[in-house]
Each structure stands twice: as C-alpha cells, then as structure tokens.
Amino acid sequence: MPVAPVSQIKASVKVEPEEQVERLRTLLLGPEADQVIQRLVEKDQTTLVTEVISEALEQRASKDDSLAQSLSSVVDAAIDTSIKEHPDRITNVIFPVMGPAIRKAVAAALQDMVQNLNQVLSEGLSFRSWRWRFQAWRAGKSYAEYVLIKSLQYRVEQVLLIHRETGLLLQDVCVPQIAREDPELVSAMLTAINDFACDAFHKDQQQCIDHIRFGEYTLIIVAGPFAMLAGAVRGTPAAEVTTKLSEIIEKIHLDHASLLVGFDGDKTQLEPVQGLLKTGLLQKEAQRGRSVPWLAYGFIALAVVGMGLWITRTYQVYDQQRQVMQALEQQGMVILDQKRVGRSLQLVTLRSEADPSPQAILGQLDLTGFQVRVEDRVIPVVEKPIPVAEPSPRQQAIAQWQQTVAELQGMRLHFQSASSKLVAEDSAVLASMVVKANSLADLAEPAGVTDYQLILTGFADGTGNEATNRQLSRERAQVVFEQLQANGVVAEKVLLWGLGALPASELDGDEQRIVSMQVLYDQ
Amino acid sequence: MISKKICLIGSFAVGKTSLVRRFVTDGFDEKYQTTIGVKIDKKEVALADQTLQFVIWDLEGPDEFAELRTTYLRGASGYFLVIDATRPKTLEIALSLNQKVRETLNSVPFLLLINKTDLEAERRISREELQPCIEAGWSVMETSAKTGRNVEHAFEVLAQMLVDHAEARSL
Ligand SMILES: Nc1nc2c(ncn2[C@@H]2O[C@H](COP(=O)(O)OP(=O)(O)O)[C@@H](O)[C@H]2O)c(=O)[nH]1
Ligand SMILES: [Mg+2]
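Residues numbered from 1 in each chain as written. Chains lettered and ligands numbered in written order. Predicted model: local features only at pLDDT ≥ 70, side-chain atom pairs only at ≥ 80, totals over all residues. Heavy atoms only, no water.

Description of the overall build of chain B
1) Next: Looking only at helices and strands, one finds 5 helices and 6 strands in chain B.
2) Next: Within the span of chain B, comprising 171 residues, buried residues form 51% of the whole.
3) Next: In chain B, the share of contacts with a sequence separation of at least 24, taken over all contacts with a separation of at least 6, comes to 72%.
4) Next: Split by element, the accessible area of chain B, about 8,100 Å² in all, is 50% carbon and sulfur. (Helix = DSSP H or I, 4+ residues; strand = E, 2+ residues; numbered from the N terminus. Buried < 20%, exposed > 50% of the residue type's maximum accessible area, 1.4 Å probe, protein only. Contact = heavy atoms within 4.5 Å. Areas by Shrake-Rupley, 256 points an atom, 1.4 Å probe, with all protein chains shown as cover.)

Below, the structure is given as structure tokens:
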C-alpha cells in the first residue's frame, strides 16, 4: 500500500487560517480572481519599468561599465542579423559618409607615392630633368609633384549621370563643340557593358567597371548605389578627376536619394543637378604651350640678328678693301704697306709721277663708310730714254744661225710629174739652198752649234704604185743631194730619205712632188 | 519626356532585330550585339496625350551557343516576347523564356508578337494553339518585320500598356 507524504496527511486533517481566507476570497471574487490580479500587477510593473528604463540605464552606466558589457553582445548580434538580411540597406546608408573617409586615406597613400617617386626621379640626370627641377624649384613644388603636373594633361568632355537599374540617362553635360554619340544610347550601352562584365566574371552587380580606355579617351565611371557617373576624358586623367566625380555622385545621392530610388523615367526632376555635373568638366591644359621661354627666345633672336649684321658689315669692309687694292694695282701702283683698323685703311703706295694719284683713283669708287688714308710716294719721270744694250756677237751669231735654219726648212723644191726633174722655176730656190747650206758651216761655231745634220726628204704624188713612188721620191732627193755636193756641201752632213707618196694628202699633185730640208743640230 | 527601357526577347532568328530595324532608323552598329549579346536603340513613341521615349534592348536570342542573359532585363518597364509563325518550337521556347523573365522582373506589361506572318503558306502556328495564351490574359499581336505590318502599332500598344500600368501602380 502506498504511503501519503506527511504534509498532505496533515492538510487533510486540519484547515489552516490562510486556507480559510483563500476560500472566502474565491467565494467573493470568483475563481479567476488570482490570474486577473496577477495580470494587473504585471502590467503595472511594465509601465513602471518603461517609465524609468532610460534613467535607470543612465544611472547604471554612470556607475560602472557593466551595462555596456552586457549590452554589447546583444547589439553585435542584432547588427549581424540586420546586415545579413539587408546588406544593401547598410551600404546605402553609409555610402555618402564612406566616400570622404576613403578619399582621405587614398590621399595619404598618394602622398607616400609621390615621395617615393621623388626619390626615383631624383636619380634622373637628363637635360629635361634638370630643367624641370629648376622650374619646380621656381614654382615652389617638389620635383615629383611637378613631374606629375607636367605629364598629366586632360579634358573631361562629357559627364553622364546614369540610372543604375534601368541604364537610362538621368542628366548629362558636355563641353561645347564636341561631336558626341547620343548620350542616351551611350548610357544604356555602358550599363549593358557593365552588366556583361559583371555577368561574365561572376561579380556582384553592385560592383562596377571603373574605367574604360579607348584611344586617347578614358571613360571614368564612379558608381553610387542608385546612379553612376561616367566622365569621358580626353588625355591622361589625373586622380583629381575621379575624386571630383566621386564627390558629385555622393552629393547627388545625398540630395536626391528618393528621386533616384523611385525613378520612373521622368528626368526633368533631376535637372537641378546640371550645375553640379558641370563642375565635373575639369580640364588641365598642356603646360608646355603656355610657358614658352619668350625671354630666352628674345635673346637668341637678338643674337642671331646681331651676328647677321656683324657678318654683313665685315664682308662689306673686306669687299671695299679689295676694291681699293684692285683699283690701285690696275693703275700700276705698287702697294708698299697696308694696315686696316676697323673701317679705316692706311696705305703706302709708290707710283711714277706720270700715273694718276691714288686720291684720283679712289674718288671713282663708292667707299661710303670706309676711310682710306694713303701715303703717296712718287718717282719723278726721267726725260732721256733708257739705253738699250747692243746684242753680243754670240747673240748675233745665234740669231743668224736660227734665221738660216728657218729659211732652209721653209724651202720647197718642186718636181715634174713622174720624173726626178726639177721644175724650171725652182732652180733659183735650189741655188739659194746651196748657198745657205754652205753658210751653215761658217755660222755654226760662233753660234755655239757643235754639230749639225741636213736631212733631204723626197716625196711623190699619189699616182703610181707605192714601190715606184718610193723609188721616185728617193731619186728626187738624190738629185738635190748631188747638186749640194757638187757645190761644196760636205757629203757626210747630208742624209737622204725617200718617203714615197704621203697617204691621204690634201695638197695639190704639184705640191706633193717635192723635196724639203730639215736641219738637226746640237747647241 | 518619360524614358522607358524595354526589351525584345525570343528564340534566335524570330525577327527581333528586324522588328527593331523596321521601327527605328538609326542606332548602334549591330556588331555590338554579337559582342556582348545586346543591341541598343532608341525611339520616341507618341501617344494621344504624351510621348514616351523607348530605350530598346534587343537581346540576343538563346541558342545552342548562348543562354539568355537575364541581367539585361534589369530595370525594364516592359517587353516583347517574339515568336516565329513558321516555327512552332519558337512558341515553346518563348513560354519557357517568359517564365525566366517573370522571375527576374516583377509583373511588367508585355506583348506576344507572332512575327513573319507574311509567310502565310509556311505558317505552322495556328490561332488555336495561341488560345491558352489569350485565355491567360496575354496581349497577342501578329506582325511582319518584312512588310512592316503592325510593327509601329505594336510599339504604340506597349507604350500605352506601360502608361496604364504606371497609373495603376500610382493609384
Ligand atoms: N519573311 C520574313 N522574314 C523575316 C521577318 N522578320 C525577320 N525575318 C528574317 O528572319 C531572319 C532572322 O531575323 P533577325 O531579325 O536577325 O532575328 P533575331 O535573331 O530574332 O534578331 C532574317 O533573315 C530576317 O530577314 C518577317 O517578318 N518576315
Ligand atoms: Mg538579333
């Protein structure tokens, strides 16, 4: 048999006073009274807590940091859950705040980079590097900064504000006089390209292409959660372009978030951002064009002109001097001395009294700007003729010898056709030849001729054969030789020669049938 | 003026590009389409009380080489579902494509275009076969990019549907 617990046994046998009160209350208020009262009390407590919770937390927090400790884990968990469930929401909220913070960090990093670059560049020793160094020093910039400034030139020619979800153009601005593609098509195409890239590389759709290069253009794209900005830049864009575009897109998100989120295709509402977009049309001109070193060019030009003038003047002076000398010398004047200092010429001349004075000669020349001073020395004219020396006997003998030889060599003895008979008219010539040939023996010694030889050459005309002609011409020379010998010319002094007919002779037949004499001699 | 992005979706060679070419005279060179799978054109559509500007995304149809890039559908306010009247298979593909599109875009207006209706003799899709679509409340229209039949009208109808849809939503 089971045994009941002691307390239960006691209760069943004896009713305590509290129990009696309880029973009475149930009779008076009904069976749910307990629960109702309980609920009332609880409600009171909540209200009570609600009223004091802020103060209580404050009080506790001021005492120690136990509150922060106990809350931190709860808050952490709450944030975790929230980010997991709505990642976009948190990004969208902090987007406008994040930009400036990131840019600050990037600026610091850039500063570092510039310093490194400075070091690298400081090793360059090219002419240009020295020039830039000097210019940087003049401009009060670090060399590296200056190099960057010099190297980057660009112009943002167009800025498009594009709705990210639809790819529709929200607003656009561009510099005047630029041929451009339809910005609406460009917006859509750019969105498509971005979608394509994200798709192809399995990237998050919130990610975005940040730049596209084509030829001399760079398309810089900065994206916010709901819209993106695309800047078409010609040249090499500096970091400041991206920074500017980032600032603009942040500002637009800050000011027009609701319009961007609920965009229904009506872009007129976004017209107020035009001014802001225009601030993105940055440009940096090539510095080279502006900083033409005019001063240096001026000096060079002056130097060139000066040099030209100097060369012209120098040439003029030399030319004038040359003219003076030429004119004087042509008039038979002797220049004894000349000295030129700058544009003044000093001369010492010598001339005969009969010749014109140097002044008269120079008066005819154009010597503007040229000074000539002449010391004119004159030789007086002598009236009596200068005696001519008589030729010496030897000179006379030589002359006579030469004359006789020339006469002998000029003689021609003509013969009858096909015969060794002298023509009648030439017998006088033969007689003369004999006389002159004999006279050579007497003339030779006084003229210093040690030995001489007479050569008689006979010729025939073109008729008849060669052998006959040679025979005939030899016979003709023989006839003359015999005459010379018979009249006293020493036979050893004479040589005979029969040449026959001279081929292709242009002389008449009569002139071809001859005998002539050559005189060879040693002197 | 209100701008709207719309898409053309359908199997390859049903005539999407031809329809756009018929409707629009100028636009990007078609070589873009083969590069990234989409060709973009724009054209204004005048309605009774306002003018809409359509930015038209002509999506390369899915074939054995490429799938439909649903990314391109993002932000579209409406679309054309295009089939080729001479190829029943294209209706089948269109139905499955529409499923995909509905998953990507919330309910936006669209129009089913039965293209190439000039090829009467070769027509393989009967009006009866389209009955289920009509019963499902789809707007269906017969077109021919070749003759130009209903092309302009189709764009106007879609424009009106977009306007009505926008008004209904803002109520
Ligand atoms: N007969 C006829 N041919 C068409 C029509 N529309 C397109 N085509 C032809 O169909 C082929 C595919 O057209 P296309 O526009 O490239 O199709 P997509 O792939 O859908 O863009 C081309 O040869 C077109 O000439 C039409 O309405 N009638
Ligand atoms: Mg096509």
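Text resumes after the structure shown.
Quick look at a nonpolar patch on the surface
Residue and element names in this part refer to chain A.
1) Next: A cluster of nonpolar side chains, contributed by Leu 71, Val 74, Val 75, Ile 79, Ile 83, Ile 90, Val 93, Ile 94, Met 98, Ile 102, Val 106 and Leu 110, occupies part of the molecular surface with about 960 Å² of accessible area.
2) Next: Secondary-structure elements contributing two or more residues to the nonpolar patch are α4 (66-85) and α5 (87-121).
3) Next: Residue contributions to the nonpolar patch peak at 7 residues, all from α5. (Patch = residues over 30% accessible without salt bridge, like charges linked within 9 Å, V, L, I, M, F, W, Y side chains within 5 Å. Salt bridge = Lys/Arg side-chain N within 4 Å of Asp/Glu carboxyl O.)

Points about the site of ligand 1
Residue and element names in this part refer to chain B.
1) Next: Ligand 1 sits among 14 residues. The nearest are Ala 13, Thr 17, Ser 18, Asp 118 and Ala 145.
2) Next: Interatomic distance of 2.5 Å between a side-chain N/O atom of Ser 18 and an oxygen atom of ligand 1.
3) Next: One of the backbone N or O atoms of Ala 145 is found 2.8 Å from an oxygen atom in ligand 1.
4) Next: Here ligand 1, which alone exposes 570 Å², has 68% of that area covered by the protein.
5) Next: With 3 residues, helix α1 (residues 16-23) is the single largest residue contributor to the shell around ligand 1.
6) Next: Among the residues making up the shell around ligand 1, the classes are represented as 5 nonpolar, 5 polar and 4 charged. (Near = heavy atom within 4 Å. Polar contact = N/O pair within 3.5 Å; in protein donor to acceptor, adjacent residues only side chain to side chain. Nonpolar A, V, L, I, M, F, W, Y, C, P; charged D, E, K, R; others polar.)

Observations regarding the nonpolar core
1) Next: By size, the foremost hydrophobic cluster in this structure holds 60 residues, and its most contacted members are A:Leu161, A:Leu229, A:Leu277, B:Ile9, B:Ile40, B:Trp57 and B:Tyr79.
2) Next: Ranked by residues supplied to this core, first place goes to helix α9 (residues 239-261) of chain A with 6 residues.
3) Next: In this view, A:Leu161 contacts A:Leu168, A:Leu169, A:Leu170, A:Gln171, A:Ala227, A:Met228, A:Leu229, A:Ile249, A:Ile252, A:Val273 and A:Leu277; residues no more than four positions away in its chain are not counted.
4) Next: With 30 residues, the next largest nonpolar core counts A:Met411, A:Leu422, A:Val434 and A:Val519 among its residues. (Core = buried A, V, L, I, M, F, W, Y, C linked by side-chain atoms within 4.5 Å.)

Some points on empty space enclosed by the protein
1) Next: For the structure on display, the rule yields 1 cavity of 30 Å³ or more.
2) Next: The calculated volume of the largest cavity comes to roughly 30 Å³.
3) Next: Around the largest cavity sit A:Arg164, A:Thr191, A:Asn194, A:Asp195, A:Met228 and B:Arg74, which together line it.
4) Next: Ranked by the residues each element gives to the lining of the largest cavity, the list is headed by helix α8 (residues 183-200) of chain A, at 3 residues. (1 Å grid on protein atoms, 1.4 Å probe; cavity = no way out; pocket = protein on both sides within 12 Å on 5 of 7 lines; lining within 4 Å. Points joined across faces, edges and corners; volume = space filled by probe spheres on them.)

Quick look at the pairing of strand β4 (residues 78-84) of chain B
Residue and element names in this part refer to chain B.
1) Next: A large share of β4 lies buried, amounting to 7 of its 7 residues.
2) Next: Neither face of β4 is left uncovered, since the one carrying Gly 78, Phe 80, Val 82 and Asp 84 and the one carrying Tyr 79, Leu 81 and Ile 83 both have all their residues buried.
3) Next: Bridge count for strand β1 (residues 2-10) against β4 is 5 bridges, and the pairing is parallel. Looking across to β4, one finds that Leu 8 is bridged to Phe 80.
4) Next: Taken together, the 6 bridges between β4 and strand β5 (residues 110-115) define a ladder with parallel strand orientation. Note that in β5 the partner of Asp 84 across the bridge is Asn 115.
5) Next: This β-α-β element, β4 to helix α3 (residues 88-104) to β5, shows right-handed connectivity. (Pairing = 2+ DSSP bridges. Right-handed = clockwise from strand over helix to strand, strands pointing away.)

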